[in-house]
Amino acid sequence: MAKILIATEKPFAKVAVDGIKEVAETAGLEVVLLEKYTEKAQLLAAVADVEAMIIRSDKIDNEVFDAAKNLKIVVRAGAGYDNVDLEAATAHGVVVMNTPGQNSNAVAELVFGMLVFAVRNFYNGKAGTELKGKKLGILAYGNVGRRVAHIAKGFDMDVYAYDAYCPAAAIESDGVKAVSSQDELFEQCEVVSLHIPATAETRQSINYALVGKMPKGGVLVNTARKEVINEPELLKLMQERTDLKYVTDIMPETDADFRMLGGRYFSTPKKMGAQTAEANINAGVAAAHQIAAFFKDGCTKYQVNK
Ligand code: NAD
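The model shown is predicted, which means the values in this text are computed figures rather than measured ones. (Residues numbered from 1 in each chain as written. Predicted model: local features only at pLDDT ≥ 70, side-chain atom pairs only at ≥ 80, totals over all residues. Heavy atoms only, no water.)

## Here's the deal with the domain arrangement of the chain
One frequent convention defines the size of an interface as the accessible area lost when the parts assemble.
Here is step 1: By the assigned domains, the chain splits into domain 1 (3-102 + 275-297) and domain 2 (104-267).
Here is step 2: Distance from the C-alpha centre of domain 1 to the C-alpha centre of domain 2: 31 Å.
Here is step 3: Facing 8 residues of domain 1, the contacting portion of domain 2 comprises 5 residues.
Here is step 4: Roughly 460 Å² of surface becomes buried between domain 1 and domain 2 when both sides are summed, with 43% attributable to carbon and sulfur atoms.
Here is step 5: Sorting the residues of domain 1 by area buried against domain 2 places D82, G101 and T276 first, and these three jointly supply 67% of that buried surface.
Here is step 6: At the junction of domain 1 with domain 2, the criterion picks out 1 salt bridge.
Here is step 7: A salt bridge links R225 to D82, with the nearest nitrogen and oxygen atoms 3.2 Å apart. (Domains from an automatic or database assignment. Contact = heavy atoms within 4.5 Å. Buried area = accessible area lost by both parts, 1.4 Å probe. Salt bridge = Lys/Arg side-chain N within 4 Å of Asp/Glu carboxyl O.)

## Regarding the pattern of salt bridges
Here is step 1: This structure, assessed with the given rule, holds 11 salt bridges.
Here is step 2: Linking D18 and K14 is a salt bridge whose minimum nitrogen-to-oxygen distance equals 2.8 Å. Of this pair, D18 and K14 both sit in helix α1 (residues 14-26), 4 residues apart, which is roughly one turn of that helix.
Here is step 3: If you follow the salt bridges from partner to partner, you end up with K40, D61 and E63 in one network. (Helix = DSSP H or I, 4+ residues; strand = E, 2+ residues; numbered from the N terminus.)

## Brief notes about the packing of α1 against helix α12 (residues 277-297)
Here is step 1: The geometry of α1 relative to α12 is characterised by a closest axis approach of 8 Å and an angle of 20° between their N-to-C directions. With respect to each other, α1 and α12 are oriented roughly parallel. Here α1 and α12 pass one another in a crossing that is right-handed. Of the residues in α12, those touching α1 at V15, A16, G19, I20 and V23 are N280, I281, G284, V285, A288 and H289. (Axes fitted to C-alpha atoms, helices over the stretch in contact; angles between N-to-C directions. Parallel < 35°, antiparallel > 145°, perpendicular 65-115°, else oblique. Left-handed = near helix turned anticlockwise from the far one by under 90°.)

## Here we look at unusual backbone geometry
Backbone geometry follows two general trends: most residues other than glycine have a negative phi, and most peptide bonds adopt the trans configuration.
Here is step 1: Backbone geometry at K36 places phi at a positive 50°, although glycine is not the residue there.
Here is step 2: In this structure, K36 sits in the loop between β2 (30-35) and α2 (40-46).
Here is step 3: Positioned with a positive phi, N121 is a non-glycine residue whose angle comes to about 55°.
Here is step 4: With respect to the helices, strands and loops of the structure, N121 is situated in the loop between α5 (104-119) and β6 (135-139).

## Describing the environment of E184
Here is step 1: Looking at the secondary structure, you find E184 in helix α8 (residues 182-188).
Here is step 2: E184 sits in the partly exposed class, given a relative accessible area of 24%.
Here is step 3: The spacing of E184 and M1 is 183 residues in sequence and 54 Å in space, taken between C-alpha atoms. (Buried < 20%, exposed > 50% of the residue type's maximum accessible area, 1.4 Å probe, protein only.)

## Quick notes on the environment of D66
Here is step 1: By the element assignment, D66 lies in helix α3 (residues 62-67).
Here is step 2: By relative accessible area, which is 37% here, D66 ends up partly exposed.
Here is step 3: Separated by 24 residues in sequence, D66 and Q42 have C-alpha atoms that sit 14 Å apart.

## Thoughts on the UniProt feature "domain: D-isomer specific 2-hydroxyacid dehydrogenase catalytic" (unreviewed entry) in the chain
Here is step 1: The feature "domain: D-isomer specific 2-hydroxyacid dehydrogenase catalytic" (unreviewed entry), as given by UniProt, occupies residues 24-305 in the numbering adopted here.
Here is step 2: Helix and strand shares over residues 24-305 are 36% and 16% respectively, and the end C-alpha atoms of the span are 23 Å apart. (UniProt positions renumbered as here; feature names shortened; annotations may be inferred.)

## Observations regarding α12
Here is step 1: Under the 1.5 Å per step criterion, the end-to-end length of α12 is 30 Å for 21 residues, consistent within 8% with the ideal 30 Å.
Here is step 2: Of the positions making up α12, those classed as buried are A279, N280, A283, G284, V285, A286, A287, A288, Q290, I291, A292 and F294.
Here is step 3: Elements that come into contact with the buried residues of α12 comprise β1 (3-8), α1, β3 (52-55), β4 (73-76), β5 (95-98) and α5. (Expected span 1.5 Å × (residues − 1).)

## Focus: the site of the ligand
Here is step 1: Taken together, 23 residues surround the ligand, and among them N143, V144, D163, T223 and D249 come closest.
Here is step 2: Between D163 and the ligand, the recorded distance is 2.6 Å, taken from a side-chain N or O atom to an oxygen atom.
Here is step 3: A164 is positioned such that a nitrogen or oxygen atom in its backbone is 3.3 Å from a nitrogen atom of the ligand.
Here is step 4: Expressed as a share of its isolated accessible area of 860 Å², the protein-covered part of the ligand is 86%.
Here is step 5: Per-class residue counts for the shell around the ligand are 11 nonpolar, 7 polar and 5 charged. (Near = heavy atom within 4 Å. Polar contact = N/O pair within 3.5 Å; in protein donor to acceptor, adjacent residues only side chain to side chain. Areas by Shrake-Rupley, 256 points an atom, 1.4 Å probe, with all protein chains shown as cover. Nonpolar A, V, L, I, M, F, W, Y, C, P; charged D, E, K, R; others polar.)

## Considerations on the sheet that holds β2
Here is step 1: The strand order β2-β1-β3-β4-β5 describes an open sheet built from 5 strands, whose pairing is parallel. The open sheet has two free edges, formed respectively by β2 and β5, since each of these has just one partner strand. The average undirected angle you get between the axes of adjacent strands in this sheet is 20°.
Here is step 2: Strand direction decides the pairing type here: β1 and β3, joined by 4 bridges, are parallel. Along β3, the bridge assignment pairs I6 with I54.
Here is step 3: Contacts from α1 reach β1, β2 and β3 within the one sheet, and its direction differs from that of β2 by about 155°.
Here is step 4: Contacting β1, β3, β4 and β5, α12 crosses the sheet at an angle of about 165° to β3. (Pairing = 2+ DSSP bridges.)

Okay, structure coming up:
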């Protein structure tokens, strides 16, 4: 019987683990748990005899692949998979998958939670502004970006999007205005919400020049990754442009400096975008289904290291 290791430094909710076990056991797979581990050595020991792994933000590097002699598949329960060394996985013949779309609604709802908080001056008692009629720019029209667009329409926002790899026609067919560059998005929109993955191309790409294009009173929302932000440049810009606000689900390295901006900045204490009961269950159970389909039929539909 093949073994699936659930290796989670930050564990799934119990109901998600139960859901994973049910799917796995129905498929004839055995589940073993490593939760809240504190040393890498614990992870290296746990992977020694497993064929599959389900992880969350856990770092899976070459050393882990070396230690996991029987490993065939790793599924990152979630969207971003920058915590897995894909080259090392490929070199070890291991398939890596994510579970796209399973936490999109959770992240998209948090965008609006943080956005209302920002435009109402972080609930400081002073008059703020409304979202209705404001231009919202969505940077990257993937699973989360699409969900943000859908919810934004409920707020009567004027929705724009830019995606380097999604045709404008696909964006427009959702009733969203496609712009031709990220510069244009920042120039046009009072609110910009980031949904780009952290890649070689996007790292540090949200910088002084780009955010500086935003109109007066601009609000930048980040539920993507901190790596996409050029922190020193954003901080410098916000020190100069006292009209700008920044709300983020990924605390900057220089959180203390951003806090000095005086009520124009908010960060969640830890990444909370996907932290809902629903997303937890959806992503974990989807991971189990994907592993079951991989062992049964060789299905690699969600493979990210093809
Ligand atoms: P997705 O893969 O569905 O969409 C990503 C989109 O980015 C794609 O449409 C792609 O074409 C586009 N893209 C890639 N490079 C681009 C570039 N240089 N410029 C413009 N567009 C580009 O991913 P998703 O589920 O929408 O998630 C988006 C990101 O949000 C993830 O990569 C992850 O980093 C982050 N995320 C954060 C949380 C959280 O807890 N805060 C949860 C889920 C996802």
